[in-house]
Amino acid sequence: MTEASPPQIRMRSWLFAPGDSVKKMTKAAEGDADIVLFDLEDAVVESGKASARAAIAEFLAGKSAEERARLWVRINPLDGEWTADDLAAIMPARPGGIMLPKSRGRGDVEELDRQMTALEVENGIAPGSTPVIALVTETAAAMFTTGDYGGAPRLAAMTWGAEDLADSLGAQSNKDFDGDFAFTYKLARSLCLLGAAAAEVVPVETIDTNFRDLEALRKRAIEVRRQGYRGMLAIHPAQVPVINEAFTPSEEEIAEAREIVELFEADPSAGTIGWKGGMLDRPHLSRARQLLAQVED
């Protein structure tokens, strides 16, 4: 059995749905989120985890391979007691991917890979074909390992968390008096972005807990996309269209990127090119190509 690459899917919006509610999982799966995250961690109490595992497995088993590609599962952390049971129940149903919460560093991704590979082989799934997104800033110690994920097996994306980080720090709030993230949490966002860029995986912004203020969500999504993020977590279906729009390059941006690429292709030896009263250099070309890669196969 040869190792397979994970399927290529869009990763703008990642919508959580509690694994103990078939109704909510169904609604999420029928929506427009690029990826749906069936949750076995925070959304499910200890007494409900076994039944939630069974519900998710049954739900996945009823979907086609194409449908399952966007149906991922957030398991419980590796340092807890439920991870093995989560994977044993979920992997035979062939989820599109796995979210690893409270990752402490590259070693956790490698350990998860070992466990997942054994289950893939056991269930006739191509080893390595189930991708992983890691939540990399949910504890104080994890903040210091965000740059260590390069080459980690299966890793397709990295995201960060402000709520569990605040709990780890014993903080009363993760916001400042103006309602923005306080410095430590902006640092977590930056470290996640830098770590994802270094690992060459997709950086995904954390949730906005105020799902009723869609205009604030739009502003934040646009802001973090300008910084380099390529997607965002969502906790409510109403957030998905806003996130999808914010992380989809506009026609104007696409046309501009194509023009920049064409200018450099017309003069391959040029280090800089005059354009619209200013100068373009090779980093502008790189950014133009990265933008086009988001919308072109």
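Data block above holds the structure.
Residues numbered from 1 in each chain as written. Predicted model: local features only at pLDDT ≥ 70, side-chain atom pairs only at ≥ 80, totals over all residues. Heavy atoms only, no water.

Let us look at the overall build of the chain. Counting its secondary structure elements, the chain contains eleven helices and ten strands. For a compact globule of 297 residues, the expected C-alpha radius of gyration is about 19 Å, and the chain comes in at 20 Å, within 12% of that figure. Dimensions along the principal axes, computed over C-alpha positions, put the chain at roughly 65 × 55 × 35 Å. Of the contacts made within the chain by residues no fewer than 6 positions apart, 68% connect residues no fewer than 24 positions apart. Put simply, the chain shows about 14500 Å² of open surface, and 51% of that area lies on carbon and sulfur atoms. With 32 positive and 48 negative side-chain charges, the chain shows a spacing of 2 Å between the two charge centroids. (Helix = DSSP H or I, 4+ residues; strand = E, 2+ residues; numbered from the N terminus. Rg over C-alpha atoms; globule rule 2.2 N^0.38 Å. Contact = heavy atoms within 4.5 Å. Areas by Shrake-Rupley, 256 points an atom, 1.4 Å probe, with all protein chains shown as cover. Lys, Arg positive; Asp, Glu negative; His and termini not counted. Charge placed at Lys NZ, Arg CZ, Asp CG, Glu CD.)

Next up on the list: the environment of Lys27. For Lys27, the position within the fold is in helix H1 (residues 22–29). Here the alpha-carbon distance between Lys27 and Ala17, two residues ten residues apart in the chain, equals 8.7 Å.

The next point concerns the packing of aromatic side chains. By the definition in use, this model includes three aromatic pairs. With centroids separated by 5.2 Å and ring planes inclined at 80°, the aromatic side chains of Phe38 and Phe59 adopt a geometry described as edge-to-face. On the criterion of sequence distance, the pair formed by Phe38 in strand S2 (residues 35–39) and Phe59 in helix H2 (residues 49–61) is long-range, its members being 21 residues apart. Taken individually, Phe38 and Phe59 each receive the classification buried, so the pair is uniform in this respect. Judged by centre distance (5.3 Å) and plane angle (65°), the ring pair of Trp160 and Phe181 falls under edge-to-face. With Trp160 in the loop between strand S6 (155–159) and helix H6 (163–169) and Phe181 in the loop between H6 and helix H7 (183–199), this residue pair connects regions lying 21 residues apart in the sequence. Both residues of the pair, Trp160 and Phe181, count as buried. (Phe/Tyr/Trp six-rings, centres within 6.5 Å; stacked < 30°, edge-to-face > 60°. Buried < 20%, exposed > 50% of the residue type's maximum accessible area, 1.4 Å probe, protein only.)

This part takes up H2. One turn of an α-helix holds 3.6 residues; hence residues three or four places apart share an orientation. Given a rise of 1.5 Å per residue, 13 residues ought to cover 18 Å, and the 18 Å separating the end C-alpha atoms of H2 matches this to within 8%. All of the buried residues in H2 are Lys49, Ala52, Arg53, Ala55, Ile56, Ala57, Phe59 and Leu60. Tucked inside the fold, the buried residues of H2 contact H1, S2, helix H3 (65–68), strand S3 (71–74) and helix H4 (83–90). (Expected span 1.5 Å × (residues − 1).)

Glancing now at the nonpolar core. Phe38, Val73, Ile98, Leu112 and Met158 are the most contacted members of the largest nonpolar core, which has 61 residues in total. Those residues within four positions of Ile98 in sequence are excluded, and the remaining contacts are Trp72, Val73, Ile75, Leu87, Ile90, Met91, Leu112, Met116, Thr130, Pro131, Val132 and Ile133. Membership of the second largest hydrophobic core comes to 14 residues, among which are Met11, Phe16, Ile35 and Ile207. (Core = buried A, V, L, I, M, F, W, Y, C linked by side-chain atoms within 4.5 Å.)

The next subject is the side chain of Thr130. If you trace the backbone, Thr130 turns up in the loop between helix H5 (106–122) and strand S5 (132–135). Here the side chain of Thr130 touches Glu120 through a polar contact of 2.7 Å, side chain to side chain. Excluding residues that lie within four positions of it along the chain, Thr130 makes contacts with Met91, Pro95, Gly96, Gly97, Ile98, Met116, Glu120, Ile125 and Arg154. (Polar contact = N/O pair within 3.5 Å; in protein donor to acceptor, adjacent residues only side chain to side chain.)

Where H1 meets H2, the axes come as close as 11 Å, and the angle between the chain directions of the two elements is 35°. When the axes of H1 and H2 are compared, the crossing they make is right-handed. Touching Val22, Met25, Thr26 and Ala29 of H1 are Ala55, Ile56 and Phe59, all from H2. Here the contact of H1 with H2 is built from residues that sort into six nonpolar, one polar and no charged. (Axes fitted to C-alpha atoms, helices over the stretch in contact; angles between N-to-C directions. Left-handed = near helix turned anticlockwise from the far one by under 90°. Nonpolar A, V, L, I, M, F, W, Y, C, P; charged D, E, K, R; others polar.)

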